[in-house]
Amino acid sequence: MSGAGTEGERAARVEAKYEKLKKEAAAGGYFLNPDEPFAKDLAESLLVNEERYGYAACPCRLSGGKRELDLDIICPCDYRDADVEEHGACYCALYVSGEVARSEREVEPVPERRPDALIEAAAKGELPVAESQPIERAPSQRAAFGGSSAIPVWRCKVCGYLCARDNPPGVCPICKVTKDRFERF
Amino acid sequence: MGATKVDGNDKGKVRIFTLSTCIWCKKTKEFLAQNNVAYEYIDMDMLDADEKDAALVELKKWNEKCSMPTVVVNDSVCIVGFKEQEIREALSL
Ligand code: SF4
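On a predicted model such as this, the values are computed, not experimentally measured, just so you know. (Residues numbered from 1 in each chain as written. Chains lettered and ligands numbered in written order. Predicted model: local features only at pLDDT ≥ 70, side-chain atom pairs only at ≥ 80, totals over all residues. Heavy atoms only, no water.)

Engineer: Please set out the overall build of chain A residue by residue, giving values where relevant.
Structural biologist: Per the secondary structure count, chain A includes six helices and five strands. Reading chain A from its N end, one meets helices and strands in the order α-β-α-α-α-β-α-α-β-β-β. The burial tally for chain A puts 42% of its 185 residues in the buried class. Contacts in chain A between residues at least 24 apart in sequence constitute 45% of all its contacts with a sequence separation of at least 6. (Helix = DSSP H or I, 4+ residues; strand = E, 2+ residues; numbered from the N terminus. Buried < 20%, exposed > 50% of the residue type's maximum accessible area, 1.4 Å probe, protein only. Contact = heavy atoms within 4.5 Å.)

And the structure:
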């Protein structure tokens, strides 16, 4: 796809990218899709987008071509955790839930969670004009503290890790216990 | 406009909106090829600005979210995402 280097060099870069993604996923309590050729295909697409745009735009979404238009869809995107939680996989299905990783659940098409205003802006290739309505960001992008739309803070009862998000993570990124060990803080 | 034709049996007009990097788009293309269906695809990320604008206007009529893959059969049926069963039904496979 991108012409850089020989086939062999390219395959080695894809392999390295895949290993890095896998290692980082494991370190943070995430899981890559257990279908290895599938996950490697996405690793290659992320490399293509890094070369093309200068950042790893989500392979399965239309990039706006500019970082400021794509901030929410740079992999891992703002929607990953909510989609893994609800659908068992992120939009591309590169990241999956523990159930899917253990082949206890099948991956099904994940509906697009990205807000329409951001899709629209990326399609147009320009940020919305200042006087227009502010973009309704996903809950995870809202201010964590104060205000009526404040999002909950969760505490890992084992290690004390705190995070502000709609739901606790599937696995504590610090001590790796499961989400049922979290309490509302 | 930058549509690429793929030969196969005529199952009606099959036009799919895709991204070259998207794995579900790739699966959709592979599925059509395996079933020997003639189709045309438009890789939205490979178009120049004017082509992309025109393709987006067309895509938006079918799929407000402009997500890929979007499969349009005979200018009448639209399937968003790689939904094998729905594609089979639309193409009587
Ligand atoms: S949907 Fe998955 S692969 Fe795509 S950007 Fe989000 S986390 Fe990455």
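Right, picking up where we left off after that structure.
Engineer: Could you give an account of the overall build of chain B, with specific residues and numbers?
Structural biologist: Secondary structure summary: chain B contains three helices and five strands in total. Reading the helices (α) and strands (β) of chain B from amino to carboxyl end gives β-β-α-β-α-β-β-α. Per-residue burial over chain B gives 46% buried out of 93 residues. Considering only contacts within chain B whose residues lie at least 6 apart along the sequence, 64% involve residues at least 24 apart. For chain B, the exposed area adds up to about 4500 Å²; of that, 46% sits on carbon and sulfur atoms. (Areas by Shrake-Rupley, 256 points an atom, 1.4 Å probe, with all protein chains shown as cover.)

Engineer: Which residues make up the sheet that holds strand S2 (residues 14-18) of chain B, and what values go with them?
Structural biologist: Residues and elements named next belong to chain B. Spatially, five strands are ordered S1-S3-S2-S4-S5 in an open sheet, and the strand pairing comes out mixed. Here the strands that pair on one side only, and so sit at the sheet edges, are strand S1 (4-6) and strand S5 (77-80). Averaged over all adjacent pairs, the angle separating strand axes in this sheet is 20 degrees, with direction ignored. The pairing of strand S4 (residues 70-73) with S5 spans four bridges and is classified as antiparallel. In the sheet register, threonine 70 faces S5, and the bridge partner there is valine 80. Most of the contacts of helix H1 (residues 23-34) go to S2, to which it runs at about 155 degrees, and overall it touches S2, strand S3 (39-43) and S4. Set on the sheet, helix H2 (residues 49-62) makes contact with S2, S3, S4 and S5; between it and S2 the angle comes to about 110 degrees. (Pairing = 2+ DSSP bridges. Axes fitted to C-alpha atoms, helices over the stretch in contact; angles between N-to-C directions.)

Engineer: Would you mind going over the interface of chain B and chain A in detail, with residue names and values included?
Structural biologist: Many authors give the size of an interface as the accessible area that is lost as the parts come together. Across the boundary between the two partners, chain B contributes 20 residues, which contact 25 residues of chain A. If you sort the residues of chain B by the area they bury against chain A, Thr21, Ile23 and Lys65 of chain B come out on top, with a joint share of 35%. Counting the contacts that link chain B with chain A gives four salt bridges. Note that lysine 26 of chain B and aspartate 41 of chain A form a salt bridge whose closest N and O atoms lie 2.6 Å from each other. At the level of elements, H1 and H2 of chain B are the ones that each hand at least two residues to the side of chain B that touches chain A. Considering only residue class, the side of chain B that touches chain A consists of nine nonpolar, three polar and eight charged. (Buried area = accessible area lost by both parts, 1.4 Å probe. Salt bridge = Lys/Arg side-chain N within 4 Å of Asp/Glu carboxyl O. Nonpolar A, V, L, I, M, F, W, Y, C, P; charged D, E, K, R; others polar.)

Engineer: So what about the domain arrangement of chain A? Which residues, and what values?
Structural biologist: Residues and elements named next belong to chain A. Taken domain by domain, chain A holds domain 1 (7-137) and domain 2 (142-185). Computed over C-alpha atoms only, the centres of domain 1 and domain 2 are separated by 23 Å. Every contact between the two is made by eight residues of domain 1 and, on the other side, eight residues of domain 2. At the boundary of domain 1 with domain 2, total buried surface from both sides reaches about 540 Å², with 38% on carbon and sulfur atoms. Summed over the shared surface of domain 1 and domain 2, the number is two salt bridges. (Domains from an automatic or database assignment.)

Engineer: How would you sum up the confidence of the model for chain B? Please name residues and give values.
Structural biologist: The share of residues in chain B with pLDDT of 70 or more is 99%, and the mean pLDDT across the chain is 95. Both scores are available for the predicted complex, with the pTM at 0.87 and the ipTM at 0.93. (pLDDT = per-residue confidence, 0-100.)

Engineer: So what about the sheet that holds strand S5 (residues 182-184) of chain A? Which residues, and what values?
Structural biologist: All names here are of chain A. The three strands lie next to each other as S4-S3-S5, forming an open sheet whose pairing is antiparallel. Each edge of the open sheet is held by one strand with a lone partner, namely strand S4 (162-164) and S5. Averaged over all pairs of adjacent strands, the angle between strand axes in this sheet comes to 30 degrees, irrespective of strand direction. Judged from the three bridges that link them, strand S3 (residues 153-156) and S5 form a sheet pairing that is antiparallel.

Engineer: Go over the site of the ligand with me, naming the residues and quoting the values.
Structural biologist: Taken together, Cys58, Arg61, Cys75, Pro76, Cys77, Arg80, Cys90, Tyr91, Cys92, Leu94 and Tyr95 of chain A are the residues near the ligand. Its residues assigned to classes, the shell around the ligand comprises nine nonpolar, no polar and two charged. (Near = heavy atom within 4 Å.)

Engineer: An account of the pairing of S3 of chain A is requested, with residue identities and associated values reported.
Structural biologist: Residues and elements named next belong to chain A. Here S3 pairs with S4 via three bridges, running antiparallel. Across the sheet, tryptophan 154 pairs through a bridge with cysteine 163, a residue of S4. The antiparallel pairing of S3 with S4 creates a hairpin that spans five residues between the two strands, and glycine 160 there sits at a positive phi of about 85 degrees.

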